[in-house]
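The residues making up each chain are set out below.
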Amino acid sequence: MREFDHDLIILGSGIAGLRAAIEAARISRGEADIAIISKVQLMRSHSVCAEGGTAAVMHPEEGDSLELHAWDTVRGSDFLADQDAVARFIEEAPKEIIQLEHWGIPWSRRPDGRIDQRPFGGHSFDRAVFAADKTGFFEMHTLYDTLQKYARVTRYDECYATSILVEDSSFRGLTVWDLTSGDFFVLRGRALIIATGGACRMYGFTTYSLTATGDGLAMAYRAGFPLKDMEFVQFHPTGLVPSGILITEGARGEGGYLINSKGERFMEKYAPAKKEIAPRDIVSRSMITEIEQGRGFARPDGLDYIHIDLRHLGADKINQRLPLIREVAIKFAFLDPISEPIPVRPAAHYFMGGIHTDIDGATSIEGVWVAGEAGCVSLHGANRLGANSTAECLVWGKITGAKAVNWAIKRKALPLVSRERLRQEEALLFEEFHDKGENAYLIRKELQDIMDHRVGVFRNELELESALKRIRELKESVKYAQVKDKSRIYNTNLLTVLEVKNLLDLAEVIVAGGLARTESRGAHSRRDFPQRDDVNWLKHTLAYYAPEGPRLDFTPVTITMWEPVERRY
Ligand SMILES: Cc1cc2nc3c(=O)[nH]c(=O)nc-3n(C[C@H](O)[C@H](O)[C@H](O)COP(=O)(O)OP(=O)(O)OC[C@H]3O[C@@H](n4cnc5c(N)ncnc54)[C@H](O)[C@@H]3O)c2cc1C
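Chains are numbered independently. Their residues run from 1 in the order of the written sequence. pLDDT decides what is reported in this predicted model: residues at 70 or higher carry local features, side-chain atom pairs at 80 or more are listed and counted, and totals for whole chains, interfaces and linings draw on all residues regardless. Side-chain figures throughout are based on the complete set of non-hydrogen atoms in the structure, without hydrogens or water.

## Quick word on the packing of helix α3 (residues 83-102) against helix α11 (residues 388-410)
For clarity, the cut-off: For helices, the fitted line uses only the C-alpha atoms of the stretch in contact; every axis is such a line through C-alpha atoms, and the angle between N-to-C directions lies from 0 to 180 degrees. Secondary structure elements are defined from DSSP: runs of H or I of at least 4 residues count as helices, runs of E of at least 2 residues count as strands, and each element is numbered from the N terminus. Here roughly perpendicular refers to angles of 65 to 115 degrees, roughly parallel to angles under 35, roughly antiparallel to angles over 145, and oblique to all remaining angles. Throughout, a contact is declared for two residues whenever any of their heavy atoms are within 4.5 Å. Gly is placed with the polar residues, together with every amino acid not listed as nonpolar (Ala, Val, Leu, Ile, Met, Phe, Trp, Tyr, Cys and Pro) or charged (Asp, Glu, Lys and Arg).
As a packed pair, α3 and α11 sit with axes 8 Å apart at the nearest point and diverge in direction by 90°. One element, α3, and the other, α11, form an angle in the roughly perpendicular class. Taking contact as the criterion, the partners of Ala85, Arg88, Phe89, Glu92, Ala93, Glu96 and Leu100 in α3 are, on α11, Asn388, Ala391, Glu392, Leu394, Val395, Trp396, Lys398 and Ile399. Taken together, the residues that form the contact of α3 with α11 break down as nine nonpolar, one polar and five charged.

## Some thoughts on the side chain of Arg172
Within the secondary structure layout, Arg172 lies in strand β8 (residues 170-178). Non-local contacts of Arg172, meaning those with residues more than four positions away in its chain, are made with Leu165, Glu167, Leu187, Arg188, Gly189, Pro415, Leu416 and Val417.

## Side note on the sheet that holds strand β20 (residues 539-544)
What counts here: Two strands qualify as a pair provided DSSP detects at least 2 bridges between them.
Strand order in this open sheet of five strands is β17-β15-β10-β20-β21, and the pairing throughout is mixed. Each edge of the sheet is formed by a strand with only one pairing partner; in this case those strands are β17 (375-376) and β21 (551-556). For β20 and β21, the ladder comprises six bridges, and the chain directions are antiparallel. Among the inter-strand pairings, Leu542 is bridged to a residue of β21, identified as Asp553.

## Quick word on the site of the ligand
For clarity, the cut-off: Here a residue is considered near a molecule or strand provided that any single heavy atom belonging to it is located within 4 Å of it. Polar contact criterion, stated in full: a pair of N or O atoms within 3.5 Å, where within protein one must be able to donate a hydrogen and the other to accept it, and residues adjacent in sequence count only if both atoms are side-chain atoms. Note on areas: Shrake-Rupley with a 1.4 Å probe; residue coverage comes only from the protein chains shown.
The local shell around the ligand holds 38 residues, among which Ser45, Ser47, Gly52, Glu373 and Thr390 are the closest. Between the ligand and Ser38, the relevant distance is 2.8 Å, taken from an oxygen atom to a side-chain nitrogen or oxygen of the residue. At 2.7 Å from an oxygen atom of the ligand is found a side-chain nitrogen or oxygen belonging to Ser389. Against a free-state accessible area of 1000 Å², the protein chains account for coverage of 97% of the ligand. At the level of secondary structure, the elements contributing two or more residues to the shell around the ligand comprise α1 (15-28), β2 (34-38), β7 (159-167), α5 (215-222), β14 (342-351) and α11.

## Notes on the pattern of salt bridges
Our working rule: Any carboxyl oxygen of Asp or Glu that lies within 4 Å of a side-chain nitrogen of Lys or Arg is treated as forming a salt bridge with it.
Evaluated as defined, the whole model comprises 61 salt bridges. Between Asp78 and Arg532 there is a salt bridge, with the nearest N and O atoms lying 2.7 Å from each other. Linking Asp78 in the loop between α2 (66-76) and α3 with Arg532 in the loop between β19 (525-526) and α16 (534-537), this pair joins segments that are 454 residues apart in sequence. Measuring nitrogen to oxygen at the nearest pair gives 2.7 Å for the salt bridge that ties Asp505 to Arg222. Of this pair, Asp505 sits in helix α15 (residues 492-516) while Arg222 sits in helix α5, and the two are 283 residues apart along the sequence. In the salt-bridge network here, residues are joined through shared partners; they are Asp78, Glu231, Asp281, Arg285, Arg517, Glu519, Arg521, Arg532, Asp534 and Arg567.

## Looking at the environment of Phe137
Formally: Note on exposure labels: buried denotes an accessible area under 20% of the residue type's maximum, exposed denotes more than 50%, and partly exposed covers the range between, all computed with a 1.4 Å probe on protein chains only.
Along the chain, Phe137 falls in helix α4 (residues 135-147). For Phe137, a relative accessible area of 34% corresponds to the partly exposed category. The spacing of Phe137 and Val48 is 89 residues in sequence and 4.1 Å in space, taken between C-alpha atoms. With residues up to four places along the chain from it excluded, the contact list for Phe137 reads Ser47, Val48 and Ala50.

By themselves, these are just geometric observations and shouldn't be taken as functional.
This is how it looks when you write it as structure tokens:
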């Protein structure tokens, strides 16, 4: 088996991974040899989809402040965010905006040339810095261009990591399947940054890229890293019906209205002050309530919807500020938002939970850090505010890039990887080739139906119990999944089996955490426990891998600034 050695391995080439790579290359001044590995071509990472903006305090002279951004984030999180992490985040985010500006990003601007900002849900100031409605696309290009300055960076594109090798609580390397050549090899490294993004592809109606299957989370979980707060899955209020493609919160930030089938702007009832730009958990619950009470628009496939109406914004504003939204509506819903409202409903959109880390993004395993959506530094708590994620990827990309490369430089010897372990890994991967057996595509479809219907915006014990039971049965079935394609090269059939296994492991953790948490907080809304319960549940959930299902534990929330109060918008 071939073996490649690097000082630092970065698993994932989204905004978090690329930002980490730049920082590591910059501060190591060529001393460290860095690898970036991605299951897709680098620029096809999910981050290019980010649309609406990146949150940071840019104009304090106009009334915004770091304290206000911190308060909005903590209140938005339903008080589950760790407040020391929030404090670090809001201080670093403006520096990242300026850093990207210096690297050449075309931020949208005010008429006087200063960086523009738009309103976003749950922020009490216009705080989302944006590049039209293609913010992630431009951020990725800017980071990619900047990375070209550094020589000692090796790319492994279209290479799929299958396992994180940990021995004696210390990082050893990754096993990797090169999808383009069919090779199976090991990457040995002194340090690892996991930046593999989220996993909402376990839902059918989702804004996510097809590739966002939570591989990094699942690999880490199986390797012994605890996952934190996984029951908190964000539903974005405006997924385009029927595809789920995102209609950015920027559309409501720019002034779009949510309208029910009675023609009412119903958010006035649920969040009188913020209306459409209340936090996402509140807007999503309001929309589902309107639909359940018969004030939505019915569809035969069950994807009943609400309208987002942009018509009053006028053609000029829509073309300038929301060109992608117009293009998406025309191409995928066959209507022009300049003259017609767009059909939308809440769609699975973001994982607040992830691999448990400390405030530096460090994990419990020596030599491993996590950045971006794969991690849970506890910035978003139970509900993320829009535009805080890309900012988090930048801030903790930079932090972990520096920490990990400094560690790698000091750690002299490359760790040894046991030959026997590698042989087992390869056999495990390619023994998936069953001639006859279960259909992984149908298993995935069933998982998505379960998650859409029983682990959605509203939850209850009965549905969660039945979801858990069926997910466990599907986990058994997938062990015997059929792989008709016998090739090792671009074998998407085998790839699907691996991804579905990962999704099932993570779905089990989400449901187990959701069942245990007998309260409603942020995005986790239990009909049978409708109140937030700070006495018993002001704590993070930790899930540890065990063959029979996750073992749950809990850890306190760090409160340094604000005690929990009722959220009103
Ligand atoms: C449609 C949409 C719009 C959004 N808009 C915004 C916005 O405007 N503002 C905002 O703040 N947030 C937004 N978000 C959220 C934000 O885009 C994401 O949270 C963020 O981009 C995640 O970046 P990341 O670097 O953590 O991971 P990703 O960009 O998801 O990258 C993951 C990387 O890991 C690699 N990878 C995964 N598994 C493997 C494996 N097994 N082997 C090898 N490589 C692997 C992938 O190839 C990829 O390179 C949006 C989300 C969606 C879905």
